[in-house]
Amino acid sequence: MNETELHRIDRTVKQWLKTSRDFILAKMGENLKISQKTSRKDLVTNVDKENEKLIISKIRTFAPNSQILGEEGFGDQIRQTKGWVWVVDPIDGTMNFVKQRDHFAIMIALYVDGKGVLGYIYDVVNDQLFSGGPDLGVFQNEQLLPAPENVGLRNGLISLSGPMVIHDRFNFQKVAETSSGLRIYGSAGVEMAHLLKGEIVAYVSYLKPWDFGAGKILAESLGLAVSTVDGKPLDMLSSDFVMVATVQAQQDILPIIGSNV
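Let us look at the structure shown here. Along each chain, the written sequence defines residue order, and numbers are assigned to residues from 1. Under the rules for a predicted model, residues below a pLDDT of 70 receive no local features and side-chain atom pairs below 80 are neither given nor counted, while totals for whole chains, interfaces and linings still include all residues. The basis for the side-chain values is all heavy atoms of the structure; hydrogens and waters are excluded.

Comments concerning the packing of helix H1 (residues 3–27) against helix H2 (residues 46–62)
Relative to each other, H1 and H2 sit at 155°, their axes nearing to 10 Å. The orientation of H1 with respect to H2, classified from their angle, is roughly antiparallel. For the element pair H1 and H2, the recorded crossing hand is right-handed. Here Arg8, Ile9, Thr12, Trp16, Thr19, Ser20, Phe23, Ile24 and Lys27 of H1 come into contact with H2, specifically with Val47, Glu50, Asn51, Leu54, Ile55, Lys58, Ile59 and Phe62. Across the contact of H1 with H2, the residue classes tally to nine nonpolar, four polar and four charged. Lines fitted to the C-alpha atoms define the axes, with helices restricted to the stretch that makes contact. Angles between their N-to-C directions range from 0 to 180 degrees. For helices the rule is a DSSP run of H or I covering at least 4 residues; for strands it is a run of E covering at least 2, with both sets numbered from the N terminus onward. Between 65 and 115 degrees an angle is taken as roughly perpendicular, under 35 as roughly parallel, over 145 as roughly antiparallel, and anywhere else as oblique. The crossing is said to be left-handed when, going from far helix to near helix, the turn is anticlockwise and less than a right angle, and right-handed when the turn is clockwise. Only heavy atoms enter the contact rule, under which two residues are in contact if any of them lie within 4.5 Å. Three categories are distinguished: nonpolar for Ala, Val, Leu, Ile, Met, Phe, Trp, Tyr, Cys and Pro, charged for Asp, Glu, Lys and Arg, and polar for the others, with Gly belonging to the last.

Overview of the side chain of serine 66
Topologically, serine 66 is positioned in the loop between H2 and strand S3 (67–70). A distance of 3.0 Å separates the side chain of serine 66 from the side chain of tryptophan 86, its partner in a polar contact. Setting aside its immediate chain neighbours within four residues, serine 66 contacts Ile59, Arg60, Asp76, Trp84 and Trp86. Pairs of N or O atoms within 3.5 Å make up the polar contacts considered here, provided that, within protein, one atom can donate a hydrogen while the other can accept it, and that residues adjacent in sequence are counted only when both atoms are side-chain atoms.

Quick word on the packing of aromatic side chains
Classification of ring pairs uses Phe, Tyr and Trp, with its six-membered ring standing for Trp, and accepts pairs whose centres are within 6.5 Å; under 30 degrees between planes counts as stacked, over 60 as edge-to-face, and the remaining range as tilted. All told, the structure shown has seven aromatic pairs when counted by the stated rule. The interplanar angle of 55° and the centroid separation of 5.6 Å between the aromatic rings of tryptophan 16 and tryptophan 86 together place this pair among those described as tilted. Of the two residues, tryptophan 16 sits in helix H1 while tryptophan 86 sits in strand S4 (residues 84–92), which places them 70 residues apart along the sequence. In this pair, the class of tryptophan 16 matches that of tryptophan 86, namely buried. Between phenylalanine 97 and phenylalanine 104 the ring centres are 5.0 Å apart and the planes differ by 75°, which places this aromatic pair in the edge-to-face class. No difference in accessibility class separates phenylalanine 97 from phenylalanine 104, as the two residues are buried. These aromatic residues form a ring-pair network of at least three members: Trp16, Phe62, Trp84 and Trp86. For a ring to carry a charge above it, either NZ of a lysine or CZ of an arginine must fall within 6 Å of the ring centroid while also lying within 35 degrees of the normal to the ring plane. Note that arginine 101 overlies the ring of phenylalanine 97, its terminal NZ or CZ placed 5.9 Å from the centroid. Whether a residue is buried, partly exposed or exposed follows from its accessible area with a 1.4 Å probe, protein chains only, as a fraction of its type maximum: under 20%, in between, or over 50%, in that order.

With respect to the nonpolar core
Working definition of a nonpolar core: buried Ala, Val, Leu, Ile, Met, Phe, Trp, Tyr and Cys residues. They are joined through side-chain atoms within 4.5 Å. The biggest cluster of nonpolar side chains holds 33 residues, and the ones touching the most others in it are Val87, Ile121, Phe130, Met192, Leu196, Leu207 and Val244. Those elements giving two or more residues to this core turn out to be S4, strand S5 (105–112), helix H6 (188–196), strand S12 (202–207), helix H7 (209–221) and strand S14 (240–245). Top contributing element to this core by residue count: H7, with six residues. An automatic or database domain assignment supplies the residue ranges for each domain. Residue assignment places this core across two domains, with domain 1 (3–144) and domain 2 (153–258) each supplying three or more. The contact partners of phenylalanine 130, leaving out residues within four places of it in the chain, are Gly119, Tyr120, Ile121, Phe139, Gln140, Leu145, Ala193, Leu196, Lys197 and Leu218. Within the second largest apolar cluster, 32 residues are counted, among which are Phe97, Val98, Leu118 and Tyr122.

Take a look at the structure:
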């Protein structure tokens, strides 16, 4: 894919995201239709579903031969990564959306033959769009982001899944104690944005492809390490315990986890 085509796709996706943002903001003042997926802490709303349908309809028109993996199930059943594969999370951080009307994101990623090409994390309320990829660079709105400083665990803040810390999964209470401090935001997109800006040095949680698809592309484009929690390569179609971190923080965390994986 040449640079002209990349820029054309990039401009188009940003237009979709602006449209989706306007749609969500308009819906925020209405009564939400809320239902549970797997538990009372795993919610979905009518806005999640409607926004996914909106984004998917735009992808179908723009790139009809693509495959689409969407969190709410309106895309395709994807078993292989050949060709164009779009990964869509219409509202990442639905609990925050429901309870706070803040701290949530729209995420879109494009993979071509299994390779991450473009990723987008849109902090809706704060109108902050993180976008780009390995060939375009990574931007916060129109500002090119530098690679985060390679800070180690002891000198940086860390973001971990709350339940993983509470239940001390993978010795994560020790990981948190070793760091400069623990932060929990409740949205993979928001957590990733803090990491891209160099405000935290690692983020670890159980994630599905729509949770990490965009962040993986953006993080790797900035030289951050993206892997499973035990440092193995991450399959873009897998659901797993995922670590995104500076290279030094990853090296610091792995020995603490040790045989607890």
